[in-house]
Amino acid sequence: MKFSAPRGTADVLPEKTIKWKYLEKIAFKLFEDYGYREIITPTFEQTELFTRSIGESTEIVQKEMYTFLDRKGRSLTLRPEATASVVRAYLERNLANPSFPIKLYYFGPMYRYERPQAGRYREFWQLGVEAIGSSDPLLDAEVVTLLVQYLNLVGLKQVELHLNSMGCKKCRVNFVSALKEYLEPFKGRFCSDCQKRAALNPLRVFDCKEEACLSLLKDVPKIDAFLCDECKKHFSEVQTYLKKIAIPFKINPFLVRGFDYYTKTTFEVRSPFLGAQNALGGGGRYDDLIEELRGNPTPAIGFALGVERVLLALEKENLKLAANLAPFLFLAVMGEKSRLFAFELLYRLRSAEIASETGYNEKSLKAQMKIADRLGARYVFFIGEEELERQTFKVRDMRDGKQFEVPFEDVIQWVKLQMEGEQVVGRS
Ligand code: HAM
């Protein structure tokens, strides 16, 4: 029997993992500059954590969770997202800090039983942040900025930021009843999913992708007309901050996002190149979630972005990440004495963070040159009896074929200079 990876999952092969590492490295640095620290939570949790947090009426809970019973009959679920897990950890580990929000970031796989297509997988990776403990609109603006700045920093220029306010519990009551009233006459014309959704939580009809349902929402009441004064002020301040640093955004009153936990600010960054799965990342405030999970009332906000989608968008924008899998140096070695010397030199080079290789199983010089070429080595160092005697390497520049010499004692310094000149990245 031939095995294959489960549908909707992928093997991330070396030419891609190096790009992932690059995205990860930039994220970790930027997130840390914004004061976030990494948290690693389990990839599965008690099922009820997700049903309670994400909401019974959502697509994720209704259709997309990988839920199973363990050997003791406990219901567990592979995490479809990490906000619920971070909040669970925040409460369980007493991370609350009364004077300053706690800022956490994560990077890891999430699981959703969705129909796989380009940009949509059953196992996918998210980079995300959660800031728990402040209701300040400055924090909203900062979190949104962090998402946009990150995407720009990795090279994406063409991203669209959509922004909305979902209001608080108070203003939501009026909006939901107006929504119910609007939906009532169309009841029979919505798809069966929407009909179920409308009964449980009318807000969820906005998650439908069916054209027929969307067309029925043409004149639907908009949330902004229902915001209370405090929510209006909050939203307007978020916008003022974003304008101050010239982050362009579009107000999108339909951006309710597929989770029940959102309050006030919601946002999503989209790429014009990704077709139906165009959301690179999104998030929002969830000021009531911590209380719903039996904590003290605590405001919070966060976002997550999809790593696979960021890579797809980079490809579509024709941006090649400077992922370099090739060794910088290849040591072509002749004779046993030279091999021993080369072994020690490789150790020194690699200790100095210089990617280097040599041939295995004694081969002719010609065969070694072929290997160096295939690996894409930037320079080849020749090491034979003559070089050992003269304490000098013969070096070939593999780009232009020119040959020259480098004394043994200068080697590390020489290589570092070349690497700097070429800004070799992909290794730290
Ligand atoms: P989300 O919008 O469900 O939000 O996911 C965030 C990002 O994960 C999406 O924008 C997308 O790039 C990626 N993503 C989602 N589903 C898939 C999939 N099936 N395949 C590939 N990529 C996918 C959340 O998960 C919230 N927890 C974000 C948040 C954090 N809100 C507050 N804090």
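Below: a short report on this structure. (Residues numbered from 1 in each chain as written. Predicted model: local features only at pLDDT ≥ 70, side-chain atom pairs only at ≥ 80, totals over all residues. Heavy atoms only, no water.)

## Examining the sheet that holds strand β15 (residues 392-397)
Okay, so step 1: One open sheet holds the five strands; their spatial order is β13-β12-β14-β15-β16, and the pairing between them is mixed. Bordering the open sheet on either side are β13 (356-358) and β16 (403-407), each of which pairs with just one other strand. Going from strand to strand, the sheet's axes swing by 30° on average, the running direction of each strand aside.
Okay, so step 2: When β15 meets β16, the two strands line up antiparallel, connected through five bridges. From the neighbouring strand, F393 faces β16, where its bridge partner is V406.
Okay, so step 3: Against the sheet, helix α12 (residues 336-351) contacts β12 (329-333), β13, β14 (379-383) and β15, and its axis sits at roughly 170° relative to β12. (Pairing = 2+ DSSP bridges. Helix = DSSP H or I, 4+ residues; strand = E, 2+ residues; numbered from the N terminus. Axes fitted to C-alpha atoms, helices over the stretch in contact; angles between N-to-C directions. Contact = heavy atoms within 4.5 Å.)

## Some remarks on the pairing of strand β9 (residues 263-270)
Okay, so step 1: Extensive coverage of β9 is indicated by the burial of eight of its eight residues.
Okay, so step 2: Here strand β7 (residues 160-165) runs beside β9; their pairing, made up of six bridges, is antiparallel. By the bridge assignment for β9, L163 is matched with F267.
Okay, so step 3: Relative to strand β10 (residues 279-285), β9 is paired through six bridges, and the arrangement is antiparallel. (Buried < 20%, exposed > 50% of the residue type's maximum accessible area, 1.4 Å probe, protein only.)

## A few points about helix α5 (residues 137-153)
Okay, so step 1: The end-to-end C-alpha separation of α5 is 24 Å, in line with the 24 Å expected for 17 residues at 1.5 Å each.
Okay, so step 2: Most of α5 sits inside the fold, with twelve of its 17 residues counted as buried.
Okay, so step 3: Restricting attention to buried positions, one finds in α5 the residues P137, L139, D140, A141, V143, V144, T145, L146, L147, V148, Y150 and L151.
Okay, so step 4: Downstream of α5 by a residue or two, G155 has a phi angle that is positive, lying close to 125°. (Expected span 1.5 Å × (residues − 1).)

## Focus on the pattern of salt bridges
Where charged atoms of side chains with opposite charge meet at close range, the side chains can pair.
Okay, so step 1: Counting across every chain of the model gives 28 salt bridges.
Okay, so step 2: Across the salt bridge formed by R88 and E45, the nearest N and O atoms sit 2.8 Å from each other. Residue R88 is found in helix α4 (residues 83-92), and its partner E45 is found in strand β2 (residues 44-46); the two are separated by 43 residues along the sequence. When sorted by exposure, R88 lands in the same class as E45, which is buried.
Okay, so step 3: Close ionic contact of R93 with E92 constitutes a salt bridge, the shortest N to O distance being 3.4 Å.
Okay, so step 4: In this structure R93 comes out as exposed when scored by relative accessible area, which is 53%.
Okay, so step 5: Linked by salt bridges that have partners in common, E386, E387, R390, K394 and E405 make up one network. (Salt bridge = Lys/Arg side-chain N within 4 Å of Asp/Glu carboxyl O.)

## Here's the deal with the site of the ligand
Okay, so step 1: Taken together, 27 residues surround the ligand, and among them E81, T83, E114, E130 and Y262 come closest.
Okay, so step 2: Between the ligand and A279 there is a distance of 2.9 Å, counted from an oxygen atom to a backbone nitrogen or oxygen.
Okay, so step 3: Surface burial for the ligand is 96%, taken as the share of its 660 Å² of free accessible area covered by protein chains.
Okay, so step 4: Elements with a minimum of two residues in the shell around the ligand: β6 (123-132), β10 and β11 (300-306).
Okay, so step 5: If you tally residues by element for the shell around the ligand, the top one is β10, at six residues.
Okay, so step 6: Of the residues assigned to the shell around the ligand, the class counts are eleven nonpolar, nine polar and seven charged. (Near = heavy atom within 4 Å. Polar contact = N/O pair within 3.5 Å; in protein donor to acceptor, adjacent residues only side chain to side chain. Areas by Shrake-Rupley, 256 points an atom, 1.4 Å probe, with all protein chains shown as cover. Nonpolar A, V, L, I, M, F, W, Y, C, P; charged D, E, K, R; others polar.)

## Quick word on the nonpolar core
Okay, so step 1: Core analysis: the largest hydrophobic core is formed by 52 residues, its most contacted members being I132, F190, L203 and F206.
Okay, so step 2: The element that contributes the greatest number of residues to this core is helix α6 (residues 169-183), accounting for six residues.
Okay, so step 3: Not counting residues up to four positions away in its chain, the partners in contact with F190 are L183, Q195, C213, L216 and L217.
Okay, so step 4: Among the nonpolar cores identified, the runner-up in size contains 44 residues, and A27, F31, L139 and L163 belong to it. (Core = buried A, V, L, I, M, F, W, Y, C linked by side-chain atoms within 4.5 Å.)

## Some words on the environment of K316
Okay, so step 1: Positionally, K316 belongs in helix α11 (residues 307-316).
Okay, so step 2: For K316, a relative accessible area of 48% gives the class partly exposed.
Okay, so step 3: Once the C-alpha coordinates of K316 and Y182 are considered, the two residues, 134 residues apart in sequence, prove to be 40 Å apart.
Okay, so step 4: Each residue touching K316, except ones within four places of it in the same chain, is listed here: F273 and L274.

## Looking at the packing of aromatic side chains
Okay, so step 1: Under the counting rule described, the total for this entry stands at 25 aromatic pairs.
Okay, so step 2: Aromatic rings pair up to connect W20, F28, F31, Y105, F107, W125, Y150 and F303 into one cluster.
Okay, so step 3: Against the face of Y113 rests R122, its NZ or CZ located 3.9 Å from the ring centre.
Okay, so step 4: Seen from the ring of Y379, R378 lies directly overhead, with NZ or CZ sitting 4.6 Å from the centre. (Phe/Tyr/Trp six-rings, centres within 6.5 Å; stacked < 30°, edge-to-face > 60°. Lys NZ or Arg CZ within 6 Å of the ring centre and 35° of its normal.)

## Focus: the packing of helix α2 (residues 47-54) against α4
Okay, so step 1: Where α2 contacts α4, the two axes come as close as 9 Å, and the packing angle between them is 110°. By the criterion of interaxial angle, the relationship of α2 to α4 is roughly perpendicular. Between α2, through L49, F50 and S53, and α4, the contact on the second element is made entirely by A84, S85 and R88. (Parallel < 35°, antiparallel > 145°, perpendicular 65-115°, else oblique.)

## Notes on the packing of helix α1 (residues 14-33) against α11
Okay, so step 1: Their axes nearest at 11 Å, the elements α1 and α11 cross at an angle of 105°. In this view, α1 runs roughly perpendicular relative to α11, as classed from their interaxial angle. Of α11, the residues touching α1 (which contributes K16, K19, W20 and L23) are V307, E308, V310, L311, L314 and E315.

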